[in-house]
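# A closer look at the structure
This is what each chain is made of:
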Amino acid sequence: MELSYDLVVVGAGTAGIPCAAEAALGGARVLLVEKDQRIGGTLHISGGHMAAAGTRRQAERGIADSAEAHLADIRRISSGTAREDLIALVAENAAETVDWLDERGFAFAPETPRIVYGHEPYGTARTYYGVDEALSILAVYERLLDEAVATGRLDVWKNCPVVDLTVDDRGAVTGVTVLRGGQDVEVRARDVVLATGGFAADPELFLELEGAPLVSAAYPTSTGDGIILARELGAAVTGTGSFLPTFGGLPDPTTPGKANWSDRQLLIAAERPPVEIYVDRSGRRWVAEDEPSIDEKERALTRIEDMTFWTVFDDAMLESTRSGRPLVVGWTPEDLRARAGSREGVHSAGTLEELAAVAGIDPDGLVATAARYNEAVAAGSDPDFGRAHLPLPLERAPFYAIRNHAISLVTFAGLDVGSDLRVLRVDGSPIPHLYAIGEVIGAAATCGQSFCSGMLVTPAITFGRLLGRRLAATA
Ligand SMILES: Cc1cc2nc3c(=O)[nH]c(=O)nc-3n(C[C@H](O)[C@H](O)[C@H](O)COP(=O)(O)OP(=O)(O)OC[C@H]3O[C@@H](n4cnc5c(N)ncnc54)[C@H](O)[C@@H]3O)c2cc1C
């Protein structure tokens, strides 16, 4: 028996679920195919921050805001490197997305909307997240899917990777091949939407497209399947060369090449003025640790050897964090002392030379850097990097070092799409009946060469809903 739908959505994550549900609720016959055993994709680990201007929630709190102001902020933060048509589409529709979640019982964290300082901040309080981070979005989605399935127009297949796209002799997409129960199943569809996420869990594709070694803190299903599938049909990949890492995640204790975002150092100056210094493998400092722009620090990190550095501090510095925010999220000074020497990447020693030896830093370089830094603290001025916050010298044993690497939660390269979200070939022509939404189009599309608060989750939901409704209308 041939299986046939109006629409097949590949990937039941942040973008795919609202797309499939809206299409089914709008009257289309839809198949939502998920390779994992559970739905949700990156929502299981994402912060779920969304950004929207002109929402009901802002109005209730007396916050004046507009889509134009949001757009201007995105342009400022990304230095104009994001896709103008796509960021305009997000900014114009984001309030509707957030109001829709609101109507569907989304559990907003009570302090939102607020200005978030984890990335370059917006000028207005317009970032929202749930009490349970992105899982609060998933809770809304689960109810939405039940509703859509109850119409009889939506089928959801789990544990079923899409392994191929089928095309006719004109190159138009006609459906997908799904691996189901160990067998290839052909499914015909008038339209196919790729919502398979990014590729920050695939070292090979990452090296090819982002041009950097991968230390991943991404969701494990983010293996770039949509890019691989569409490239076989001649799809263009855009946003390469926009790579920007995140940093602070501690090395995973068991898996090389992975980092833990839940165990991360607070390295944003606005969140915790730094007591420590940052050194590279040769023991040299490489940035003003109190640089207010996190993007500047992230860019500087891409220029040092292996994109690897160590935060180095002494016992007085560690003790000084007791009354403020911790060095590592959730770790007291006692936790840190106890984990030094046993937790991967966390070291302590009685002297700086010994610390350097156990951590893998050049000992002479570190000793010289500490001496120079202590002169800067005594003088109250840092001639090397212009650091202004110089609270303590590095002199009281024991000394500590925590290894950090540029880590990737998201990927910037992705499938090129038109303003209507159709996948484009290298020559700019659309591949008929093939669409892409979510991180498979690359973070650069909506963030440019920057991290812009909420500008992945918001576009994923917004484009998902808009496209689902549009494709239903033509069913
Ligand atoms: C730790 C972390 C924190 C983040 N915080 C934020 C934040 O606060 N704000 C923000 O805007 N962004 C944030 N991001 C990024 C954002 O969460 C993601 O970009 C977004 O959730 C991706 O949505 P998606 O729908 O494209 O992919 P996903 O949500 O990952 O969904 C893709 C789905 O497709 C499935 N799939 C893949 N290949 C196939 C295949 N061949 N066949 C069938 N199914 C397939 C996957 O299993 C998955 O379920 C964060 C990312 C991480 C990792």
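Each chain carries its own residue numbering, running from 1 in the direction its sequence is written. Only residues with pLDDT of 70 or above have their local features reported here, since the model is predicted, and side-chain atom pairs are shown and tallied only from 80 upward, although totals for entire chains, interfaces and linings are computed over all residues. Hydrogens are left out, water is left out, and the side-chain values use all remaining heavy atoms of the structure.

## Focus: the pairing of strand β2 (residues 30–33)
Which entries qualify depends on this criterion: For every residue, the accessible area (1.4 Å probe, protein chains only) is compared with the maximum for its type, and the residue is labelled buried under 20%, exposed over 50%, or partly exposed between those bounds. Under the scheme used here, helices are H or I runs from DSSP no shorter than 4 residues and strands are E runs no shorter than 2 residues, and both carry numbers assigned from the N terminus. Pairs of strands are assigned from DSSP output, requiring at least two bridges between the strands. Crossovers are described as right-handed under a simple rule: with the strands pointing away from the observer, the path leading from the first strand over the helix to the second runs clockwise.
Burial of β2 is two-sided: the residues Val30 and Leu32 facing one way and the residues Leu31 and Val33 facing the other way are all buried. Sheet analysis places strand β1 (residues 3–10) next to β2, joined by four bridges and oriented parallel. Each bridged residue has a counterpart across the sheet, and for Leu7 the counterpart in β2 is Val30. Viewed along the sheet, the connection from β1 through helix α1 (residues 16–25) into β2 turns out right-handed.

## Here we look at the site of the ligand
The condition is simple: We define proximity as follows: a residue is near a molecule or strand when any one of its heavy atoms falls within 4 Å of that partner. Side-chain atoms alone can form a polar contact between residues adjacent in sequence; in general such a contact is a pair of N or O atoms within 3.5 Å, and within protein one must be able to donate a hydrogen while the other accepts it. Computed with a 1.4 Å probe, the accessible areas rest on the Shrake-Rupley method; for each residue, only the protein chains presented here act as cover. Each residue gets one label: Ala, Val, Leu, Ile, Met, Phe, Trp, Tyr, Cys and Pro are nonpolar, Asp, Glu, Lys and Arg are charged, and the others, such as Gly, are polar.
Taken together, 35 residues surround the ligand, and among them Thr14, Glu34, Thr42, Glu439 and Val457 come closest. At 2.7 Å, a backbone N or O of Val457 approaches an oxygen atom of the ligand. Within the complex, 96% of the 1,000 Å² of free accessible area of the ligand lies under protein. When its residues are assigned to classes, the shell around the ligand shows 16 nonpolar, 15 polar and four charged.

## Describing the domain arrangement of the chain
One frequent convention defines the size of an interface as the accessible area lost when the parts assemble. Rules: Note that domain bounds follow an automatic or database assignment of domains. Residue contacts are counted whenever heavy atoms from the two residues lie within 4.5 Å of one another. A simple way to read buried area is as the amount of 1.4 Å-probe accessible surface that goes missing from two parts once joined, with both sides added. Note on definitions: salt bridges are taken to be side-chain nitrogens of Lys or Arg within 4 Å of carboxyl oxygens of Asp or Glu.
Here the domain parsing of the chain yields domain 1 (2–238 + 410–473) and domain 2 (246–407). Inter-centroid distance (C-alpha atoms) of domain 1 to domain 2 is 36 Å. Each partner contributes to the interface: domain 1 provides 14 residues, whereas domain 2 provides 17 residues. Between domain 1 and domain 2, a total of about 1,200 Å² is buried, with carbon and sulfur atoms accounting for 55% of that surface. The largest contributions to the domain 1 side of the interface with domain 2 come from Glu120, Val215 and Phe451, which together make up 41% of the buried area. Across the contact surface, domain 1 and domain 2 share zero salt bridges. Taken together, domain 1 and domain 2 are joined by five residue pairs in polar contact (both at pLDDT 80 or more). Tallied by class, the residues present in the side of domain 1 that touches domain 2 amount to eight nonpolar, five polar and one charged.

## Quick look at the pairing of strand β15 (residues 399–405)
Extensive coverage of β15 is indicated by the burial of six of its seven residues. Bridge count for strand β13 (residues 308–314) against β15 is seven bridges, and the pairing is antiparallel. Within the sheet, the bridge partner assigned to Thr311 lies in β15 and is Ile402. In the sheet, strand β14 (residues 346–349) pairs with β15 via four bridges, with the strands oriented antiparallel. Bridging across to β15, Val346 finds its partner in Ile402.

## Here's the deal with the packing of aromatic side chains
Threshold: Classification of ring pairs rests on two measures: the distance between centres of Phe, Tyr or Trp rings, Trp counted by its six-membered ring, which must be within 6.5 Å, and the angle between planes, read as stacked under 30 degrees, edge-to-face over 60 and tilted in between.
Enumeration according to the criterion identifies 10 aromatic pairs in this entry. Considering the side-chain rings of Trp286 and Phe309, the 4.9 Å spacing of their centres and the 65 degrees angle between planes classify their relative orientation as edge-to-face. Linking Trp286 in the loop between β12 (277–279) and α8 (294–301) with Phe309 in strand β13, this pair joins segments that are 23 residues apart in sequence. A relative accessible area of 9% places Trp286 in the buried class. Take Phe309: its relative accessible area is 0%, and that puts it in the buried class.

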